[in-house]
Amino acid sequence: MKGNDGVTTGAGLSLKIWGVRGSTPTPGPTTLRYGGETTSFEIRCGDDLVLVDCGSGARNLGGFLHGGPPRAFDLFFTHTHLDHICGLPFFKPAYDERFSINAWAGHFADKQELMDIICRIMSPPIFPVAAKQLKAVTFRNFVGGELIEREGGMNISTVVLNHPGGATGYRFDHAGKSICIITDHEHGVPGIDSALRRFVEGADVMIYDAMFTDDEYPTYVGWGHSTWQKGVELALEAGVRHPVMFHHDPRRSDDALDAIAEAAAARHPGALVAREGMVLTP
Ligand SMILES: [Zn+2]
Ligand SMILES: [Zn+2]
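Bear in mind that the values here come from a model prediction, so they are computed numbers and not experimental data.

Conventions we followed
- Residues numbered from 1 in each chain as written.
- Chains lettered and ligands numbered in written order.
- Predicted model: local features only at pLDDT ≥ 70, side-chain atom pairs only at ≥ 80, totals over all residues.
- pLDDT = per-residue confidence, 0-100.
- Contact = placed C-beta atoms within 7 Å.
- Pairing = 2+ DSSP bridges.
- Helix = DSSP H or I, 4+ residues; strand = E, 2+ residues; numbered from the N terminus.
- Buried ≥ 20, exposed ≤ 12 C-beta atoms within 10 Å, placed from the backbone.
- Core = buried A, V, L, I, M, F, W, Y, C linked by C-beta atoms within 7 Å.
- Arc of directions from axis to C-beta.
- Axes fitted to C-alpha atoms, helices over the stretch in contact; angles between N-to-C directions.

Asker: Is there a simple way to think about the confidence of the model for the protein chain in this case?
Answerer: Segments scoring low in pLDDT should not have their predicted coordinates read at a detailed level. In the predicted model, the protein chain carries a mean pLDDT of 95, and 96% of its residues have values of at least 70. Counting contacts from residues 1-8, a segment whose pLDDT is below 50, to residues more than four positions away or on other chains yields eight contacts.

Structure representation (structure tokens):
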């Protein structure tokens, strides 16, 4: 089958990356090739559609989805830092009652906390349109680490990550294929690291928070992010086929990301660096 975006998709799992950047959007001449939008993922499995995060990249994704038939889908937040939610006020399907969107988070005690966060960014004078205008959205909650019970083609499991304020990692499984999204996360807490190693075991694709390099990391201990070297190490230990470096530092130029891509592939032949528009079909 041919997707509307011109990408060949089938009944199996596929992932499209609509935003790769961490912290803040970074448009400009030095980020043209890898992209400057913040985190947004589209995951499909046959008719089943799931989005992860709603950073600035979700504005384009929303335009694409709104151009198609109205439908129901789930939106899972890794967490609610601004770079992961700033696209929601510009996500067209959320305002259209013909769509039905379950918005989930796993790092809060209840769904009210998620609603309150969105209400905070979508209230005057910060933003002129109030969150109650998101007519298509129902806020939901789960406990990070649980399996998500839902109808659809994919099995979804979750894991608690190490990040200020909490964050959730996701694993999507279907017919022996798997995609993991591990962002935002800082390595170094033994219990969390070993649980994460088990969680991503044997995955085909692992999106990984590679904001820093090992050289930079000592300056940023406690900021809640990892390094591309740690991502490669984890992939080698857990038998991950394609570790995909993600959540690029806003200062990281296309040329610097080319260098990371080359160095990472020298250590793990399946290693990749996330690019806006990249489609992965394990
Ligand atoms: Zn982030
Ligand atoms: Zn964060």
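Asker: Help me understand the sheet that holds strand β1 (residues 13-19), please; the structure alone is not making it clear to me.
Answerer: Think of a sheet as strands paired side by side through backbone hydrogen bonds, with each pair either parallel or antiparallel. The seven strands are arranged β6-β5-β4-β3-β2-β1-β14 in an open sheet whose pairing can be described as mixed. In the strand order of this sheet, the two ends are held by β6 (137-141) and β14 (279-280), each with one partner. Pairing analysis gives three bridges linking strand β3 (residues 48-52) to strand β4 (residues 72-77), with the strands arranged parallel. Residue pairing across strands places Leu51 opposite Leu75, the latter belonging to β4.

Asker: How do you make sense of the pairing of strand β9 (residues 167-174) when you look at a structure like this?
Answerer: Most of β9 is tucked away: seven of the eight residues are buried. The hairpin formed by strand β8 (residues 155-161) and β9 contains five residues between the paired strands, and Gly165 there has a positive phi angle of roughly 85°. The pairing of β9 with strand β10 (residues 177-182) spans five bridges and is classified as antiparallel. Its bridge partner being in β10, His174 is matched across the sheet by Lys177. Taking the residues between adjacent antiparallel strands as the criterion, β9 and β10 are bridged by two residues, where Ala175 takes a positive phi near 50°.

Asker: Mind showing me how you'd approach helix α5 (residues 228-238) here?
Answerer: Structurally, the α-helix is built with 3.6 residues per turn, so residues lying three or four positions apart point the same way. Every buried residue of α5 is listed here: Trp228, Gln229, Lys230, Gly231, Val232, Leu234 and Ala235. Contacts from the buried residues of α5 go to α4 (190-200), β11 (205-209), β12 (242-246) and α6 (254-267).

Asker: Explanation requested: the nonpolar core in the structure shown.
Answerer: Here is a general trend for soluble globular proteins: nonpolar side chains tend to be buried in one another's company. Judged by nonpolar contacts, the single largest core of 76 residues is most densely connected at Cys180, Ile182, Val200, Met206, Ile207 and Met245. Every residue in contact with Met206, bar those within four places of it in the chain, is listed here: Cys180, Ile182, Val200, Ala235, Val240, Pro243 and Val244.

Asker: I'm lost on α4 in this one. Help?
Answerer: Among all positions in α4, only Leu196, Phe199 and Val200 are buried. Viewed end-on, α4 has its buried residues packed into an arc of 80°, placing them on one side of the element. Across α4 from its buried face, at more than 90 degrees, point the exposed residues Pro190, Gly191, Ser194 and Arg198. Buried residues belonging to α4 abut β8, β9, β10, β11 and α5. The first or second residue beyond α4 is Gly202, which carries a positive phi of 70°.

Asker: Looking at this model, I keep getting lost on the sheet that holds strand β7 (residues 147-148). Mind explaining?
Answerer: Across the sheet, which stays open at both edges, the seven strands sit in the order β7-β8-β9-β10-β11-β12-β13 with mixed pairing between neighbours. Of all the strands in the sheet, just β7 and β13 (272-273) have a single pairing partner and so form its edges. When β12 meets β13, the two strands line up parallel, connected through two bridges. In the strand pairing of β13, Val244 is matched with Leu272. In the packing of α5 onto the sheet, contacts are made with β11 and β12, and the angle to β12 comes to roughly 160°.

Asker: I keep staring at unusual backbone geometry and nothing clicks. Help me out?
Answerer: Excluding glycine, residues mostly have negative phi values, and the peptide bonds linking residues are mostly trans. Pro124 connects to Pro125 through a cis peptide bond whose omega is 5°. Tracing the chain through its elements places Pro125 in the loop between α3 (111-121) and β6. In this chain, Thr183 is followed by Asp184 through a cis amide linkage whose omega measures -5°. For Asp184, the position within the fold is in the loop between β10 and α4. Within the chain, Ala175 stands out as a residue other than glycine whose phi angle is a positive 50°. Even without a glycine there, the phi angle at His247 is positive, about 60°.

Asker: Which parts of the structure should I look at to understand the pairing of β8?
Answerer: Along any regular strand the residues' side chains alternate between the sheet's two faces. With respect to burial, β8 is a largely interior element, five of its seven residues being buried. Both β7 and β8 contribute to a ladder of two bridges, which runs antiparallel. Residue pairing for β8: Ile148 is matched across the bridge by Ile156.

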